[in-house]
Amino acid sequence: MNDVAIPFRYAFAASDCGGLRLQVNGSEVTMRASGALWLASERALVVADLHLEKGSAYAARGQMLPPYDTRETLARLRAEVATLAPAVVILLGDTFHDRRSEERLAPDDAAELRTLAAGRALVWVVGNHDADGPRALPGETADEMILGGLVLRHEPRPGLRPGEVAGHLHPAARVRAPRGTLRRRCFVTDGERIILPAFGAYAGGLNVRDAAFAGMFARPPLAGVLAISRVRAISWRQMEVD
Amino acid sequence: MADAAGPPADLLPPKFQAWFDGRGWSPRAHQLDMVAKGRAGRDALLIAPTGGGKTLAGFLPSLIEIAERPPANTPRGLHTLYISPLKALAVDVERNLNAPILEMGLPIVAESRTGDTGVARRQRQRVKPPDILLTTPEQLALLCAWEGARAYFEDLRCVILDEIHTLHASKRGDLLALDLARLQQLAPNMRRVGLSATVDDPEVIKAWMARHGERAADRQGTASVDLVRGPPGAEPVVDLLLSEGRVPWAGHTAQHAMAEVYETIKRARIALVFVNTRFQAEFAFQELWRLNEDALPIALHHGSLAAEQRRKVEAAMARGELRAVVCTSTLDLGIDWGDVDLVIQLASPKGASRMVQRIGRANHRLDEPSRALFVPANRFEMLECQAAREAIAENRLDGDPPRIGALDVLAQHVMGCACSEPFDMLALYEEVRSAGPYRDLSWEDFEAVVDFVSTGGYALKTYDRFRRIVRLPDGRWRVRDQNVAQRHRLNVGAIVSPAMLAVRMAMRGNRGGRKIGEVEEGMLEMLDPGDTFVFAGQVWELVAVTNLDVLVRPANHKDPKMPSWGGSKFALSTYLAKRVRQLMFDETHWAVLPGDVREWLEMQKDRSLIVREDEMLLETFPRGKRNFMVVYPFEGRLAHTTLAMLLTRRLERLGVGPLGFVCNDYAMAIWALKPMDGLDFDELFAEDMLGDDLEAWLQESFMMKRAFKGCAIIAGLIERRFPGEQQKTGRQITFSTDLIYDVLRKHEPDHLLLRCARADAATGLIDVARLGDMLARIRGRIRHAALDRLSPFSVPILLEIGKERSPGDAAEMILAEAEAELIAEAIA
């Protein structure tokens, strides 16, 4: 673990596995290259906005997107669970793309979700797309959850909210460097709260410069941009509008 | 004007003969030939140069037939359908066609129908069709997807396809060929008439437009189309601007020659100044106005300008108010401006056929030669322009190879058929195979396409309950419901343009004001807010980019930051490339070149090598701390870039440490940590690089993602437009096609759309076929010159280093750089 001490407003450091460790309102968290957030002290894995069955939701309306998004998303989640062996997995809302997603779930994928819940706690924090939580699948349903000094909820509350961990907005950054520009999903944090990128294979991204993020941060936030096998820390100045 | 051939006396009805006589004309031989083909009910392809009365020749048989038919008691259907590649051309032909109709007093209604036609007129045309309808391939595809298509077209007697040479080798051509097959099915008595400019190989076009049948004899099909040739026309006079002593080593702007170009414009009546890119157009326009002491009316015309502005320029041109127009391929074909007497080509023409088309824009009178002036922008272009000039003089043109019809286009067509009426799968298969580009379509591919149209065609069969087309009890297929049909009709067409952003004047609060034009999204990646650039002939400062608009304000800077441009978007044609190599090798031929270019060739011969036409020169030399390898295949930027990508992988494996590369239309340079003199070059350039290395590179390439998006849109996987929604940009897709590409590639790598994307990338974006031909050509024929310093030939390509931005593949590097900056900022 090569900690890089940087006299910056945020203390952050590269962790092994390409993640990025930092303090959010005094609690230590790790931004994972997969887009998951790892709370080591609680052995809790947090993923937001899986949007399972988004492909079939479009297919039902006549746009036949490849039907592999759910198994792809779950495979990514399974890989994280295998690496970290969490005691609790928290699905931070919009786990299903719509209210009928659970019915459309393929048997294999439903089995995968059940396996996920075996031997550990599975918490469904509900979101706007899946307000009722699962019907037949295992796990507890919650509107929000308090864990290790942090409050976990789907939709970030407006204004400054120290200690909040949320999803919903699908943050993505357009990064500029001398060599060119690039748009990627990202975590976004001011050291007091953190917003997670969408974890789902088909979930799009909203530019962090969008008005939806206005007023949420005490200072220009930092983005943890998802790159191949690692998270890159990018400053606000290098993020552009689309 | 009279042609020698004496027509049979009864070929033209008296009324028509009188009309010709009254204008002091005699019908030309090819016009009468076309009338004879019409009377005999034959399909015909007319090949004639511009100004040969080609359009009238196409319509004459229909005008006669309609004029001669007995009066009817019931309303008649459409008699003749005319398809033009351009909206503007359809409208222009409508005007030109109505002149003889009115003058002869014929009882014929001829009307155009384009995307710009008003709703009322379109509805009337649907209920009460004109005798002759003039439209575009996209409108035809839409008409064929109507529920009433069969009744609408059943009386159709003739379809006229204009400017076929610009269409047949493209996806638009695929779509048109399919619709032609459909029309034939709806109207068995329909005759096919093709009109084309002079082409290298008419058989290719004949095969494209012919009816291909079941029997083996018909499989080639071309026998069913008769060829009619117009008179050759006067030979064009093409001059080359030698700019003695001042031809630059590199560059694409031809800035050195602008004063001469301006003087030439002054001496001409009306000049068209063709360039190859929009940036070049903007630059040349700026430069000409800088020199324009006489305030000559010189205008600008390119695809990024607002449509109204382009229309204004065209109208001023038609009224004879302009002296010159600087333009891109937007004016390659189109309406006839009689008074243009000079065509200037700035920078290299890249192909002889395109150049003949452009030259044809000057002087639409057959018996006078068109005049053109080539203005090479650098030394290699001097060679290229000379080669093109000789090719044109010998009438040797480069042709498009025959095309295999794309499956994404077929998917769109199948959906269109299902929207129109139920189809039987076997019957539709036979119909599709009667279209030239699809004559060798396999049943397996056809089945895969129908499956794709219905459910997306995935190996994982979970979408059966969402079918877009459903099977009726009698086994036929039809669209599921009117909603699906309506959405299909909104998305018809095989043109996928890059996402365009509107350029607007910046108003308070970052709101957009007056629209100035449109730019491709990609162009913005080169500009930062505060940067200045030239657009629509003025200098602007970039203020901001919002979701849909590029906000700018006028800037008075004298020296705008010009985004670097990589010369032409057109690749040098294979044929022209060969002629350039021949010219270079043949020293006796050098006399036609200006002194400084000759000296440059002599110097190359002394210091390095000049190789034979069938060989490839490879130079290695150190420069600074780097080691260079430069090759000169002359195969165009695309093929060179692909070659460089693949060579870099190989050099990496050989431990040479490649650091970067740069390509232009003529050459490619790679630089590395270690010297490359000792490598086995035959091994390095072996053709097997097109195997696994290509596959591996291509899968990750942003070009595949771009190709996939295009195919997904054409095939209907992704809809650009929804009912009741205003289309503003191409960006309103609610999910990222890149995400879909990644998932599909991982879970079903052989899916139909990935096959389509691979085929498109291999031809359009990376030119694999051409690279393969080149590698085969140079096998055992690489001549290596190990030099201690750079060669004269290598100067132009080395001058391009640093002017190029790296492509999107360097994604990880971008992020690493951005992070490094954060750390630097934090430490400072």
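All figures in this text were calculated on a predicted structure; none of them were measured in a lab. (Residues numbered from 1 in each chain as written. Chains lettered and ligands numbered in written order. Predicted model: local features only at pLDDT ≥ 70, side-chain atom pairs only at ≥ 80, totals over all residues.)

## Details of the overall build of chain A
Stage number 1. In terms of regular secondary structure, chain A is built from four helices and 18 strands.
Stage number 2. Computed over C-alpha atoms, the radius of gyration of chain A comes to 17 Å, within 12% of the 18 Å expected from 2.2 N^0.38 for 242 residues, which places it in the range of a compact globule.
Stage number 3. Each of the three principal axes of chain A carries a C-alpha extent, and together these read 50 × 40 × 30 Å.
Stage number 4. The buried share of chain A, taken over its 242 residues, is 52%. (Helix = DSSP H or I, 4+ residues; strand = E, 2+ residues; numbered from the N terminus. Rg over C-alpha atoms; globule rule 2.2 N^0.38 Å. Buried ≥ 20, exposed ≤ 12 C-beta atoms within 10 Å, placed from the backbone.)

## Digging into the overall build of chain B
Stage number 1. On a plain count of helices and strands, chain B comes out with 31 helices and 25 strands.
Stage number 2. Relative to its 828 residues, chain B shows a buried fraction of 47%.
Stage number 3. Of all intrachain contacts in chain B linking residues separated by at least 6 positions in sequence, the fraction that spans at least 24 positions is 75%. (Contact = placed C-beta atoms within 7 Å.)

## Some remarks on the sheet that holds strand E13 (residues 371-375) of chain B
Across a sheet, strands are paired by hydrogen bonds formed along the backbone, either parallel or antiparallel in direction.
Residues and elements named next belong to chain B.
Stage number 1. Pairing in this open sheet of six strands is parallel, and the strands run E8-E13-E12-E9-E11-E10 from one edge to the other. A single partner strand is all that each edge strand has here, and the edge strands are strand E8 (237-240) and strand E10 (298-301). Geometrically, the sheet is characterised by an average inter-axis angle of 20° between neighbouring strands, direction not taken into account.
Stage number 2. With four bridges joining them, strand E12 (residues 342-346) and E13 adopt parallel strand pairing. When the bridges of E13 are listed, Leu346 appears paired with Val375.
Stage number 3. Strands E10 and strand E11 (324-327) of the sheet are contacted by helix H13 (residues 307-318), whose axis makes an angle of about 135° with E10.
Stage number 4. Helix H14 (residues 352-359) rests against E8, strand E9 (271-274), E12 and E13 of the sheet, and its axis sits at about 145° to E12. (Pairing = 2+ DSSP bridges. Axes fitted to C-alpha atoms, helices over the stretch in contact; angles between N-to-C directions.)

## Quick word on helix H12 (residues 278-291) of chain B
Stage number 1. Taking 1.5 Å per residue, 14 residues should reach 20 Å; H12 of chain B reaches 20 Å between its end C-alpha atoms and fits that length.
Stage number 2. Of all the positions in H12 of chain B, only Arg278, Phe279, Gln280, Ala281, Glu282, Phe283, Ala284, Phe285, Glu287 and Leu288 of chain B are classed as buried. (Expected span 1.5 Å × (residues − 1).)

## With respect to the sheet that holds strand E7 (residues 225-229) of chain B
Residues and elements named next belong to chain B.
Stage number 1. Reading across from one edge, E3-E4-E2-E5-E6-E1-E7 is the order of the seven strands in this open sheet, with parallel pairing throughout. Edge positions in the sheet fall to strand E3 (110-112) and E7, since each has one partner strand and no second. Strand-to-strand, the axes of this sheet are offset by a mean angle of 15°, without reference to chain direction.
Stage number 2. With respect to the sheet, helix H4 (residues 87-104) is in contact with strand E2 (80-83), E3 and strand E4 (132-135), its orientation differing from that of E3 by roughly 165°.

## Some remarks on the confidence of the model for chain A
Residue and element names in this part refer to chain A.
Stage number 1. Overall, the predicted model of chain A reaches an average pLDDT of 89, with 92% of residues at or above 70.
Stage number 2. Within chain A, no element has a lower average pLDDT than strand E1 (residues 12-14), which sits at 66, and none a higher one than strand E5 (residues 44-47), at 98.
Stage number 3. Low confidence marks residues 1-8, where pLDDT is under 50. Its contacts with residues over four positions away, or in another chain, come to 10 contacts. (pLDDT = per-residue confidence, 0-100.)

## What about the nonpolar core?
Stage number 1. Of all hydrophobic cores here, the largest spans 283 residues; its most connected members are Val46 of chain A together with Val159, Val273 and Val326 of chain B.
Stage number 2. Leave out the neighbours within four places in its chain, and Val326 of chain B touches Val273, Val275, Ala281, Ala284, Phe285, Leu288, Ile298 and Leu300 of chain B.
Stage number 3. Counting residues in each nonpolar core, the second largest holds 10 residues, with Val503, Ile516, Trp540 and Leu551 of chain B among its members. (Core = buried A, V, L, I, M, F, W, Y, C linked by C-beta atoms within 7 Å.)

## Some words on the pairing of strand E23 (residues 658-663) of chain B
Residues and elements named next belong to chain B.
Stage number 1. Relative to strand E24 (residues 668-672), E23 runs antiparallel, the two being bridged by five bridges. Within E24, the position partnered with Pro658 by the bridge is Ala672.
Stage number 2. Adjacent in sequence and paired antiparallel, E23 and E24 are bridged by four residues.

## Overview of the pairing of strand E22 (residues 626-631) of chain B
A regular strand carries its side chains on alternate faces of the sheet.
Residue and element names in this part refer to chain B.
Stage number 1. When you tally the buried positions in E22, you get five out of six residues, the bulk of the element.
Stage number 2. Pairing analysis gives six bridges linking strand E21 (residues 616-623) to E22, with the strands arranged antiparallel. Across the sheet, Arg623 pairs through a bridge with Arg626, a residue of E22.
Stage number 3. Connecting E21 to the antiparallel partner E22 that follows it, the hairpin turn spans two residues, and Gly624 within it adopts a positive phi of roughly 60°.
Stage number 4. Relative to E24, E22 runs antiparallel, the two being bridged by five bridges. Residue pairing in the sheet places Met629 in a bridge with Ile670 of E24.

## A look at unusual backbone geometry
Residues and elements named next belong to chain B.
Stage number 1. Despite not being glycine, Glu163 has its phi angle at roughly 50°, a positive value.
Stage number 2. Within the fold, Glu163 resides in the loop between strand E5 (158-161) and helix H8 (171-186).
Stage number 3. Despite not being glycine, Ala347 has its phi angle at roughly 70°, a positive value.
Stage number 4. For Ala347, the location among the structural elements is in the loop between E12 and H14.
Stage number 5. C-beta crowding within 10 Å serves as the criterion here: with 26 such atoms nearby, Ala347 is assigned to the buried category.

## Overview of the confidence of the model for chain B
Residues and elements named next belong to chain B.
Stage number 1. In this model, chain B carries an average pLDDT of 84, and 86% of its residues clear a pLDDT of 70 or more.
Stage number 2. Across chain B, E5 holds the top mean pLDDT of 98, while helix H10 (residues 216-220) sits lowest at 49.
Stage number 3. In this model residues 724-733 is a low-confidence stretch, pLDDT under 50, and it forms 13 contacts with partners more than four residues away in sequence or in other chains.
Stage number 4. Low pLDDT (under 50) marks residues 804-810, which in the prediction has 14 contacts with non-local residues, meaning those over four places away or in another chain.
Stage number 5. Here the predicted complex carries an ipTM of 0.89, next to a pTM of 0.82.

## Brief notes about the packing of helix H1 (residues 14-22) of chain B against H4 of chain B
All names here are of chain B.
Stage number 1. Running from amino to carboxyl end, H1 crosses H4 at an angle of 110°, the nearest separation of the two axes being 10 Å. When the interaxial angle is binned, H1 and H4 end up roughly perpendicular. Between H1 and H4 the crossing geometry is right-handed. Residues Lys15, Phe16 and Trp19 of H1 form the contact with H4, whose participating residues are Pro100, Glu103 and Met104.
Stage number 2. Considered class by class, the residues forming the contact of H1 with H4 number four nonpolar, no polar and two charged. (Parallel < 35°, antiparallel > 145°, perpendicular 65-115°, else oblique. Left-handed = near helix turned anticlockwise from the far one by under 90°. Nonpolar A, V, L, I, M, F, W, Y, C, P; charged D, E, K, R; others polar.)

## Some remarks on helix H15 (residues 379-393) of chain B
Residue and element names in this part refer to chain B.
Stage number 1. An ideal rise of 1.5 Å per residue puts 21 Å on 15 residues; H15 measures up with 21 Å between its terminal C-alpha atoms.
Stage number 2. Burial runs high along H15: 13 of the 15 residues are buried.
Stage number 3. One or two steps after H15, the chain reaches Asn395, where phi turns positive at roughly 55°.

## Looking at the packing of H14 of chain B against H15 of chain B
All names here are of chain B.
Stage number 1. For the pair H14 and H15, interaxial distance at closest approach is 10 Å and the crossing angle is 70°. By the angle between their axes, H14 is roughly perpendicular relative to H15. Of H15, the residues touching H14 (which contributes Ala352, Met355 and Val356) are Ala388, Ala391 and Ile392.
Stage number 2. Across the contact of H14 with H15, the residue classes break down as six nonpolar, no polar and no charged.

## Considerations on the environment of Val630 of chain B
Residue and element names in this part refer to chain B.
Stage number 1. Mapped onto the fold, Val630 is located in strand E22.
Stage number 2. Spatially, the C-alpha atom of Val630 lies 32 Å from that of Leu373, the residues being 257 residues apart in sequence.
Stage number 3. Ignoring any residue separated from it by four or fewer positions in sequence, one finds Val630 in contact with Glu619, Ala667, Ala669, Ser794 and Ile797.

## Thoughts on the environment of Trp590 of chain B
Stage number 1. Inspection of the secondary structure puts Trp590 of chain B in the loop between helix H21 (574-585) and helix H22 (595-607).
Stage number 2. Distance from Trp590 of chain B to Leu383 of chain B, taken between C-alpha atoms, is 9.2 Å for residues 207 residues apart in sequence.

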